[in-house]
Amino acid sequence: MYALILAALIAAAPPQQSGPQGIPPTGTEIELGRKLFFEPLLSVDGTVSCASCHNPSKGWADGLPLAVGINGQVGTRHSPTIINASYSPLMFWDGRTVAPITQALLPLSNPIEMGRQSEDDVVRKLRLLPEYVSDFARVYGVDTTSLSPVTGVRLARAIAAFETTIVSFNAPIDRRLDGDVTALTPDAEIGFQLFRQANCMSCHTPPLFTDNLMHNNGMEYAGKLQVSDLGRAGILPQNQRTAQNIRAFKTPHLREIHRTAPYNHAGNFADLDRVILHYATGGARYDDTFDRFIDPRVRAIRTLGWTAEQRGYLRTFILESFKGSPSP
Ligand code: HEC
Ligand code: HEC
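Below is a summary of the structure that appears in this document. Bear in mind that the values here come from a model prediction, so they are computed numbers and not experimental data.

Criteria and cut-off values
Residues numbered from 1 in each chain as written. Chains lettered and ligands numbered in written order. Predicted model: local features only at pLDDT ≥ 70, side-chain atom pairs only at ≥ 80, totals over all residues. Heavy atoms only, no water. Axes fitted to C-alpha atoms, helices over the stretch in contact; angles between N-to-C directions. Helix = DSSP H or I, 4+ residues; strand = E, 2+ residues; numbered from the N terminus. Parallel < 35°, antiparallel > 145°, perpendicular 65-115°, else oblique. Left-handed = near helix turned anticlockwise from the far one by under 90°. Contact = heavy atoms within 4.5 Å. Salt bridge = Lys/Arg side-chain N within 4 Å of Asp/Glu carboxyl O. Buried < 20%, exposed > 50% of the residue type's maximum accessible area, 1.4 Å probe, protein only. Donors = N, O, S within 2.8 Å, 3.2 Å for Na, K, Ca; no water. Tetrahedral: all angles 85-135°; square planar, octahedral: opposite > 155°, others 65-115°. Near = heavy atom within 4 Å. Polar contact = N/O pair within 3.5 Å; in protein donor to acceptor, adjacent residues only side chain to side chain. Nonpolar A, V, L, I, M, F, W, Y, C, P; charged D, E, K, R; others polar.

Overview of the packing of helix α2 (residues 27-37) against helix α7 (residues 130-140)
Part 1 of the reasoning: At a minimum axis separation of 9 Å, α2 and α7 run at an interaxial angle of 155°. Considering the angle they form, α2 stands roughly antiparallel to α7. Viewed along their axes, α2 and α7 form a crossing whose handedness is left-handed. In contact with Thr28, Glu29, Leu32, Lys35 and Leu36 of α2, α7 contributes Glu131, Tyr132, Asp135, Phe136, Val139 and Tyr140.

If you want it as structure tokens, here you go:
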């Protein structure tokens, strides 16, 4: 049954795969997207590309607590991996962008990330580069309205098309959930039972290992001396802020998690030991107090009273079991 659900998910066009006209990406479009993704000329000073923060050798994240953009400016959130991002209906830690194609253009004009004045600024730059003009012409032809093959919509589409290729499935956890009880190593299997028992999968829901929703799991409160990021509530008007959205962040999926430390929206949990300790204490801060809006499922984990040995099994499970093959 699990294998069927997973196959259906993978086969269904990820949201980004149906572009504005619902056309699936072609090989040449993906190649153009790849080139653009690694292109520092997209940034205002020619130093930062998408890959600076979503680096394939760092699990398509950057290995840093907080994102660093042009002129070494430090952002306010951690760069998430973009592995399987094509399958995410809501983008960013607070889920503020619905349309994945629109998302691709946002970092360009973010003053800290790539620093362009606007999307048009990037389009103008690309139109001056003969190589890109001919690349865009080859993939899309000339746009009859703008009389140039390079447009903002096409730029976004090409990058989004490339993103659909950055995927990870086919990990030991998939074989385990499909009923192969020998799929995990013995230690990881013990960890998996703890993972089940703690109800981790109610938010890290298979087969994506995220429910694509925003929750407060206490990490903002527990991880910082000064609580500052309102998460989902931060993008809503005052009168719509509730216990469900205050300090709520998008559940990260767990695939390729062994490659994407540090963790959470603020990148201030350095490793999995820190993450697991957080859950084992029910989401407590160093002074054993809790975010008053914390999700009750996270609070409940404390009652399991995990020992250091049990936390170790859980760590082994998480590190070993979400490695896809081939890995993106
Ligand atoms: C300076 C670092 C930086 C650069 C450059 C950058 N990003 Fe990001 N990216 C981030 C951060 C930080 C977030 C999370 C922002 C938030 O949640 O507020 C993010 C989020 C994303 C997401 C959403 C993932 C998800 O699951 O929610 C995608 C997709 C993405 N970036 C793609 C790109 C593309 C494409 C480019 C190039 C056009 C790019 N990024 C350039 C740092 C960067
Ligand atoms: C109520 C929903 C919920 C439950 C239950 C839950 N998580 Fe999470 N998890 C989240 C959210 C939301 C985040 C991100 C929080 C943030 O960024 O501040 C997260 C973050 C993580 C991360 C860091 C991932 C990354 O890429 O940054 C790991 C690992 C993790 N959880 C594992 C677990 C484990 C193991 C359990 C069970 C012991 C569990 N989670 C239970 C919602 C949940």
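Picking up where we left off.
Focus on the pattern of salt bridges
Part 1 of the reasoning: Inspection of every chain in the model, using the stated rule, returns 19 salt bridges.
Part 2 of the reasoning: Note that aspartate 295 is salt-bridged to arginine 297, the shortest N-O span being 2.9 Å.
Part 3 of the reasoning: By relative accessible area, which is 14% here, aspartate 295 ends up buried.
Part 4 of the reasoning: In this structure, a network of salt bridges that share partners links the residues Lys35, Glu131, Asp135 and Arg138.

Quick look at the coordination of the iron atom of ligand 2
Part 1 of the reasoning: Protein coordination at the iron atom of ligand 2: the donors are His204 (NE2) and Tyr279 (OH), at 1.9 to 2.1 Å from the metal.
Part 2 of the reasoning: Metal-centred angles of 86 to 180° between the 6 donor atoms at the iron atom of ligand 2 mark the site as octahedral. Here tyrosine 279 lies in helix α12 (residues 272-280) and histidine 204 lies in the loop between α10 (186-197) and β1 (214-215), a separation of 75 residues in the sequence. Here histidine 204 and tyrosine 279 have matching classes, each one buried.

Brief notes about the site of ligand 2
Part 1 of the reasoning: Surrounding ligand 2, one finds 27 residues, the nearest of these being Cys200, Cys203, His204, His265 and Tyr279.
Part 2 of the reasoning: Between ligand 2 and asparagine 217 there is a distance of 3.3 Å, counted from a nitrogen atom to a side-chain nitrogen or oxygen.
Part 3 of the reasoning: In this structure, an oxygen atom belonging to ligand 2 sits 2.6 Å away from a side-chain N or O atom of histidine 265.
Part 4 of the reasoning: Counting residues per element, the ones that place at least two in the shell around ligand 2 are α12 and α13 (296-301).
Part 5 of the reasoning: In terms of residue class, the shell around ligand 2 is made up of 18 nonpolar, 7 polar and 2 charged.

Points about the site of ligand 1
Part 1 of the reasoning: Neighbouring ligand 1 are 25 residues, the closest being Cys50, Cys53, His54, Phe92 and Trp93.
Part 2 of the reasoning: Within the side chain of arginine 77, an N or O atom sits 3.0 Å from an oxygen atom of ligand 1.
Part 3 of the reasoning: At a separation of 2.7 Å, an oxygen atom of ligand 1 approaches a polar backbone atom of phenylalanine 92.
Part 4 of the reasoning: Secondary structure elements with two or more residues in the shell around ligand 1: α3 (50-53) and α8 (152-163).
Part 5 of the reasoning: Classifying every residue of the shell around ligand 1 by side-chain character gives 14 nonpolar, 6 polar and 5 charged.

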